[in-house]
Structures are given as C-alpha cells and as structure tokens.
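For reference, the chains in residue letters:
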Amino acid sequence: DPANRTLTTLQALAGEMAALFADERVFNIGADETSKKGQCSDVGATFALERHVADHVHGALGRDVQGWEELLFAASGAGEALPDTTVIASWSRHWAKDVVAKGYRAIESHNSFFYLNKWGPNHVPLGQAWQDIADGVPAASKHLLLGGETSMWTDNYCYVSQCGAG
C-alpha cells in the first residue's frame, strides 16, 4: 500500500475507538497469529504496520499499547521498537516470564491453562485448572506481571460455517 491508505484507515479507526473508551488507559491492537497468508506474503511489512499503529496509539492517542505475544516475539528484533509501556499477553509459544524478561508488562493467557475450551474430559482436567503465573518471574520483576486472562474460543464447539461468522 504505497499510498499508506491502510495505515491511515487504521489510525482513524483507532482514534474513533479510543474516543468511545476515553477513560481506558490501555488500547489492545491484537497483532496475533501474524503470518504469511494468501496475497499478504510480506510479513515484514505487516510487522512494520503493527509498529506504526503501536506508535500512533502510544504517541498520538496517549494510550499504553497491548497486544498478543507475536507483537513482541514474532519478528527478529520486533520488540525493540515497542513503547516501553507496552503490555504483552502470552498465549502460545511464550510465557509471562519471557515477556517480563524483555522488560515489558505481561498478562498470562497461555492456552494450555487459560483457554476455557481446553478444560474438561478430553483436555486439562478441571482439578488441574490452576497455574502459578509468577513461575519463573524474578522477584524484582514481579511488578511487571499484571495478572492472568482466560479466553473461551468457539472453535471446538461451532465452526465458522456453522455459526454464520463467515
């Protein structure tokens, strides 16, 4: 997008959403599951776009940026350009201790413990649905650990074609 229409649109959308939630300090830009797909084969451009959006949310909108672990770990050196107030939710390949080790605030959302659709007879037994989110986080860095977050995804119950989400 040489004319930067995508970035301009995302910045306008972020500004509109920020105005709707004027009292919120943190703005989540997502940025998860970023990979090559279809015509969008330049992952480097995707990461650059995410950085521009993060800079806009932090600078122009005055909010702390939140995103999933890919925002920090998916590209070589990706975390170098993030504002130091960024909040990262770990969910798949990384844990809160990995985020904290890079100096960022963390939310533990790891799918092996915090995805509710993975609990039950065929997954994590309900009696084991507890996890110490501070495991491996040095005492001096625990102030960066904000807490945990659970998620419930419909994938196991209602596929896109069944829910009308397509």
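What counts, and at which threshold
Residues numbered from 1 in each chain as written. Predicted model: local features only at pLDDT ≥ 70, side-chain atom pairs only at ≥ 80, totals over all residues. Heavy atoms only, no water. Helix = DSSP H or I, 4+ residues; strand = E, 2+ residues; numbered from the N terminus. Buried < 20%, exposed > 50% of the residue type's maximum accessible area, 1.4 Å probe, protein only. Contact = heavy atoms within 4.5 Å. Areas by Shrake-Rupley, 256 points an atom, 1.4 Å probe, with all protein chains shown as cover. Lys, Arg positive; Asp, Glu negative; His and termini not counted. Salt bridge = Lys/Arg side-chain N within 4 Å of Asp/Glu carboxyl O. Polar contact = N/O pair within 3.5 Å; in protein donor to acceptor, adjacent residues only side chain to side chain. Pairing = 2+ DSSP bridges. Axes fitted to C-alpha atoms, helices over the stretch in contact; angles between N-to-C directions.

Student: Quick one: what's the story with the overall build of the protein, residue by residue and with numbers?
Tutor: The secondary structure content of the protein amounts to six helices and five strands. When the helices and strands of the protein are placed in sequence order, the string is α-β-α-β-α-β-α-β-α-β-α. Taken over 166 residues, the protein has a buried fraction of 36%. Sequence-distant contacts in the protein: of pairs separated by 6 or more residues, those separated by 24 or more amount to 52%. Total accessible area on the protein stands at roughly 10000 Å², and carbon and sulfur atoms take up 53% of it.

Student: Could you give an account of the side chain of E70, naming the residues involved and the relevant values?
Tutor: You can see E70 is positioned in helix 3 (residues 70-73). R93 provides the closest opposite charge to the buried, unpaired E70, separated from it by 4.8 Å. Side-chain polar atoms of E70 contact the side chain of W91, separated by 3.0 Å. Discounting chain neighbours no more than four positions away, the residues touching E70 are A31, D32, E33, T34, F47 and W91.

Student: Give me the sheet that holds strand 2 (residues 64-68): which residues, what numbers.
Tutor: The parallel open sheet is built from five strands, whose spatial order is 1-2-3-4-5. Either end of the sheet is taken by a strand with one partner, and the two such strands are strand 1 (26-28) and strand 5 (145-148). Averaged over all adjacent pairs, the angle separating strand axes in this sheet is 25°, with direction ignored. As paired strands, strand 2 and strand 3 (residues 87-90) are joined by three bridges and run parallel to one another. Considered in strand 3, the bridge of Q66 is made with V87.

Student: Describe the pattern of salt bridges, and please don't skip the residues or the numbers.
Tutor: Throughout the structure, instances matching the rule amount to three salt bridges. A salt bridge links R51 to E50; its shortest N-O distance comes to 4.0 Å. By relative accessible area, R51 is classed as buried at 10%. Judged by relative accessible area, E50 falls into the buried class, the value being 10%. A salt bridge links D64 to R105; its shortest N-O distance comes to 2.9 Å.

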